[in-house]
2 protein chains.
Amino acid sequence: MSHRCDAKDLSILAILQQHGRIAIAEIANKLNMSDTPCLRRIRKMEQNGVIKGYGADVDPSALDLNVTVYAFVRLKENSAHFANQFEQAATDLEQILECSVISGAHDYLIKIIAKDLADYESFVKQRLGELKCIASIESSVVLKQTFSKKQLPIRN
Amino acid sequence: MSHRCDAKDLSILAILQQHGRIAIAEIANKLNMSDTPCLRRIRKMEQNGVIKGYGADVDPSALDLNVTVYAFVRLKENSAHFANQFEQAATDLEQILECSVISGAHDYLIKIIAKDLADYESFVKQRLGELKCIASIESSVVLKQTFSKKQLPIRN
DNA sequence: GGTGAAATCTATTTACG
DNA sequence: CGTAAATAGATTTCACC
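Along each chain, the written sequence defines residue order, and numbers are assigned to residues from 1. Chain letters and ligand numbers both follow the written order, the letters beginning at A and the numbers at 1. Reporting of local features is limited, given that this is a predicted model, to residues whose pLDDT is at least 70; pairs of side-chain atoms are given and counted only at 80 or more, and all residues count toward the totals for whole chains, interfaces and linings. Only hydrogens and water are removed before side-chain values are computed, so all heavy atoms of the structure are retained for them.

Asker: Hey, could you run me through the overall build of chain A in this one?
Answerer: From N to C terminus, chain A includes 5 helices and 5 strands. Helices (α) and strands (β) of chain A occur, in sequence order from the N terminus, as α-α-α-β-β-α-β-β-α-β. Each radius of gyration reported is based on C-alpha atoms, and the globular scaling rule is 2.2 Å times the count of residues to the power 0.38. For chain A, whose C-alpha radius of gyration is 20 Å, the value lies well above the compact-globule estimate of 15 Å for 156 residues. With respect to the three principal axes, the spread of C-alpha positions in chain A is 55 × 35 × 25 Å. Going through the 156 residues of chain A one by one, you find that 49% of them count as buried. For this analysis, residues touch if any pair of their heavy atoms sits within 4.5 Å. Within chain A, contacts between residues at least 6 apart in sequence are counted, and of these 66% link residues at least 24 apart. Put simply, chain A shows about 8000 Å² of open surface, and 47% of that area lies on carbon and sulfur atoms. His residues and chain termini do not enter the charge count, which takes Lys and Arg as positive and Asp and Glu as negative. All charge positions are set by atom: Lys at NZ, Arg at CZ, Asp at CG, Glu at CD. Side-chain charges in chain A split into 20 positive and 19 negative, and the spacing between the mean points of these groups amounts to 8 Å. Helix and strand definitions here come from DSSP, where helices need a minimum of 4 consecutive H or I residues and strands a minimum of 2 consecutive E residues; each element is numbered from the N-terminal end. A 1.4 Å probe rolled over the protein chains alone gives each residue an accessible area, and that area as a share of the maximum for its type sets the label: buried under 20%, exposed over 50%, partly exposed in between. Each accessible area value is a Shrake-Rupley result obtained with a 1.4 Å probe; residue values ignore everything except the protein chains displayed when judging cover.

Structure (structure tokens):
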């Protein structure tokens, strides 16, 4: 279901990554092409999964979410059963924004967002602490987000 | 410049986070309101920064970006000069998607995306390795991304 | 804060090179 | 793969509650 993106597709993606609600005609205009082929390319990329969707980028502090924490999680056993249990639980917890299996001494790296440190602490104790598959959690609190880019690097 | 979001604003945000290109009329319809107030609320949230922007969610593998790595960086000194130097360099490097100052033994956690492990290695050696402010880098390769949610949790 | 209708702009389709 | 014109649909403004 994949698809080879040519240079024009990549140019369209570079624009849409940054301006998700831009008019198709404006994209076409920027790239010196007309609307119809531009729209056709976009619809094709939406259909074959190159474009997974569109979203508004919301300021976390507007939702009173002021603390981000990265946490390393180790499981008690490296069994498929424990892994599935943890991954399902993590998926269901809205405060966990990202969950990755990583190389090295730990099993998972998860990114968590919370209102404040007290909220984070109660999340760890009441939600993660409930999971019997977890052996240890090591938290790294984000003191300052230098930046977070929403765009992937596109090289033409 | 902040703004108190009421329940309707939050409902709008919940929809726009997941469907960034949805028609305003459709949002209004889902929430049993008419177009004009819905649009007014959205424009207000765009202006006061609650909505920071819109973007297409692009599949990294379509751009031949198949490796994600989290790296802990320690600086040689905890001076403002070294911090500024590192943060500016990280901002300029497109492959670094996120850069956070974290608590604990390390100074920064950065998220890097690369074509493959060879590409990542050359990035570390040729780009990061050039920076005189860095004392050490510890990489955690993402073996599998269990999930990555693009939406912040919204509780009404 | 809200409504509903009119005007304007954008997306989509169709016909064709 | 491209263009251009016509239709259908969305956004925005307006007068008003």
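Asker: Please explain the protein's contact with DNA strand D as it appears in this structure.
Answerer: It suffices for a single heavy atom of a residue to lie within 4 Å of a molecule or strand for the residue to be listed as near it. Close to DNA strand D lie 14 residues; Lys8, Ser34 and Arg40 of chain A together with Ile24 and Arg43 of chain B are nearest. A share of 57% of the atoms of DNA strand D within 4 Å of the protein falls on sugar and phosphate groups. Any N or O atom pair separated by 3.5 Å or less is treated as a polar contact, with the protein-specific requirement of one donor-capable and one acceptor-capable atom, and with residues adjacent in sequence counted only for side-chain atom pairs. In this structure, arginine 21 of chain A approaches DNA strand D through a side-chain N or O atom, which is 3.1 Å from a phosphate oxygen. A distance of 2.2 Å separates a phosphate oxygen of DNA strand D from a polar side-chain atom of arginine 43 of chain B. For the surface near DNA strand D, the per-class residue count stands at 5 nonpolar, 3 polar and 6 charged. Residues are grouped as follows: Ala, Val, Leu, Ile, Met, Phe, Trp, Tyr, Cys and Pro are nonpolar; Asp, Glu, Lys and Arg are charged; all remaining types, including Gly, are polar.

Asker: Help me understand the relation of the copies chain B and chain A in this model?
Answerer: Two chain copies here: they are related by a rotation about an axis and a translation along the same axis. When chain B is fitted to chain A, the best match, at an RMSD of 0.1 Å, comes from turning it 180 degrees and sliding it 0.0 Å along the axis. Put plainly, the chains are arranged around a two-fold axis. Our superposition of the copies is a least-squares fit, built on the C-alpha atoms of residues whose pLDDT is at least 70 in both.

Asker: Help me understand unusual backbone geometry in this model?
Answerer: Trans peptide bonds make up most of the peptide bonds, and negative phi angles are found at most residues other than glycine. All names here are of chain A. Its identity is not glycine, yet aspartate 64 carries a phi of approximately 60 degrees, on the positive side. Along the polypeptide, aspartate 64 turns up in the loop between strand S1 (51–58) and strand S2 (67–75). What makes aspartate 64 partly exposed here is its relative accessible area of 39%.

Asker: Before we go on, may I ask you to explain the protein's contact with DNA strand C in this structure?
Answerer: Near DNA strand C there are 14 residues, and of these Ile24, Leu39 and Arg43 of chain A together with Ser34 and Arg40 of chain B occur at the shortest range. Looking at DNA strand C alone, sugar and phosphate atoms form 59% of those within 4 Å of the protein. Interatomic distance of 3.3 Å between a side-chain N/O atom of threonine 36 of chain A and a base oxygen of DNA strand C. The separation between a phosphate oxygen of DNA strand C and a polar side-chain atom of lysine 44 of chain B is 3.1 Å. Within the residue set of the surface near DNA strand C, elements represented by two or more residues are helix H2 (24–30) and helix H3 (35–47) of chain A together with helix H3 (35–47) of chain B. The element that contributes the greatest number of residues to the surface near DNA strand C is H3 of chain B, accounting for 5 residues. Considering only residue class, the surface near DNA strand C consists of 5 nonpolar, 3 polar and 6 charged.

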